Amino acid sequence: MKFNSIHHIAIIGSDYSKSKEFYHDILGFEIIRENYRPERDDYKIDMKLGDSELELFIIKDRPERPDYPEAYGLRHLALKVDDIESVVAELELFGIECESIRTDDYTGERMTFFKDPNGLPIELHE
């Protein structure tokens, strides 16, 4: 069996405007297509960053994510950056709080975390 790459990651959000603003306007994901699905009463927004795709589902009345990253399921989304300090500074301009920048014990690379509007941890990795 041979896989070429990860095609997409799917994330469920609860607030259409906040989620779209966060992933598109703030993080810079390009919108490929956006659809309202009346049979499900939800939105599906397909986005792209480089060669990676993100499916953002906006579904009302879903259970909240437990407040710790070791819950079963997606632990976090990691974004590769060239200059971690400048990205943290930009996020803070939008009122997004980041953890302290630290060095990964195994790779020796710098990293930090922040959260999306629904509490999903997002890692910046330099």
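Right, let's walk through the structure included here.

Cut-off values and rules
Residues numbered from 1 in each chain as written. Predicted model: local features only at pLDDT ≥ 70, side-chain atom pairs only at ≥ 80, totals over all residues. Heavy atoms only, no water. Helix = DSSP H or I, 4+ residues; strand = E, 2+ residues; numbered from the N terminus. Rg over C-alpha atoms; globule rule 2.2 N^0.38 Å. Buried < 20%, exposed > 50% of the residue type's maximum accessible area, 1.4 Å probe, protein only. Contact = heavy atoms within 4.5 Å. Areas by Shrake-Rupley, 256 points an atom, 1.4 Å probe, with all protein chains shown as cover. Lys, Arg positive; Asp, Glu negative; His and termini not counted. Charge placed at Lys NZ, Arg CZ, Asp CG, Glu CD. Core = buried A, V, L, I, M, F, W, Y, C linked by side-chain atoms within 4.5 Å. Phe/Tyr/Trp six-rings, centres within 6.5 Å; stacked < 30°, edge-to-face > 60°.

Moving on to the overall build of the chain. Scanning the chain from N- to C-terminus turns up two helices and eight strands. Reading the secondary structure of the chain in the N-to-C direction produces β-α-β-β-β-β-α-β-β-β. Relative to the compact-globule value of 14 Å for 126 residues, the chain shows a C-alpha radius of gyration of 15 Å, a close match. By residue count, 33% of the 126 residues in the chain fall in the buried class. In the chain, the share of contacts with a sequence separation of at least 24, taken over all contacts with a separation of at least 6, comes to 50%. With an accessible surface of roughly 8,800 Å², the chain has 49% of that area assigned to carbon and sulfur atoms. Charge centroids of the chain, computed over 16 positive and 29 negative side chains, lie 6 Å from each other.

Following the sequence through the fold, glutamate 39 ends up in the loop between strand 2 (30-37) and strand 3 (42-49). Distance from glutamate 39 to cysteine 98, taken between C-alpha atoms, is 38 Å for residues 59 residues apart in sequence.

With that out of the way, let us pick up the nonpolar core. The nonpolar side chains of soluble globular proteins are, as a tendency, buried together. Counting residues in each nonpolar core, the largest one holds 23 residues, and the members touching the most others are Tyr23, Leu27, Leu91, Phe114, Ile122 and Leu124. Of all the secondary-structure elements, those providing two or more residues to this core are helix 1 (16-26), strand 3, strand 4 (52-58), strand 5 (77-80), helix 2 (84-93) and strand 8 (121-125). Non-local contacts of tyrosine 23, meaning those with residues more than four positions away in its chain, are made with Ile11, Gly28, Phe29, Met47, Leu54, Leu56, Leu77, Asp116, Leu120 and Ile122.

Counted under the stated rule, the structure contains five aromatic pairs. Measuring from ring centre to ring centre gives 6.1 Å for phenylalanine 22 and phenylalanine 114, while their planes differ by 55°; the resulting arrangement is tilted. One end of the pair, phenylalanine 22, is in helix 1; the other, phenylalanine 114, is in strand 7 (residues 110-115), and 92 residues separate them in sequence. Their ring planes at 55° and their centres at 4.9 Å tell us that tyrosine 36 and tyrosine 43 sit as a pair that is tilted. Joined through ring pairs, the aromatic side chains of Phe22, Tyr23, Phe29 and Phe114 make up one cluster.

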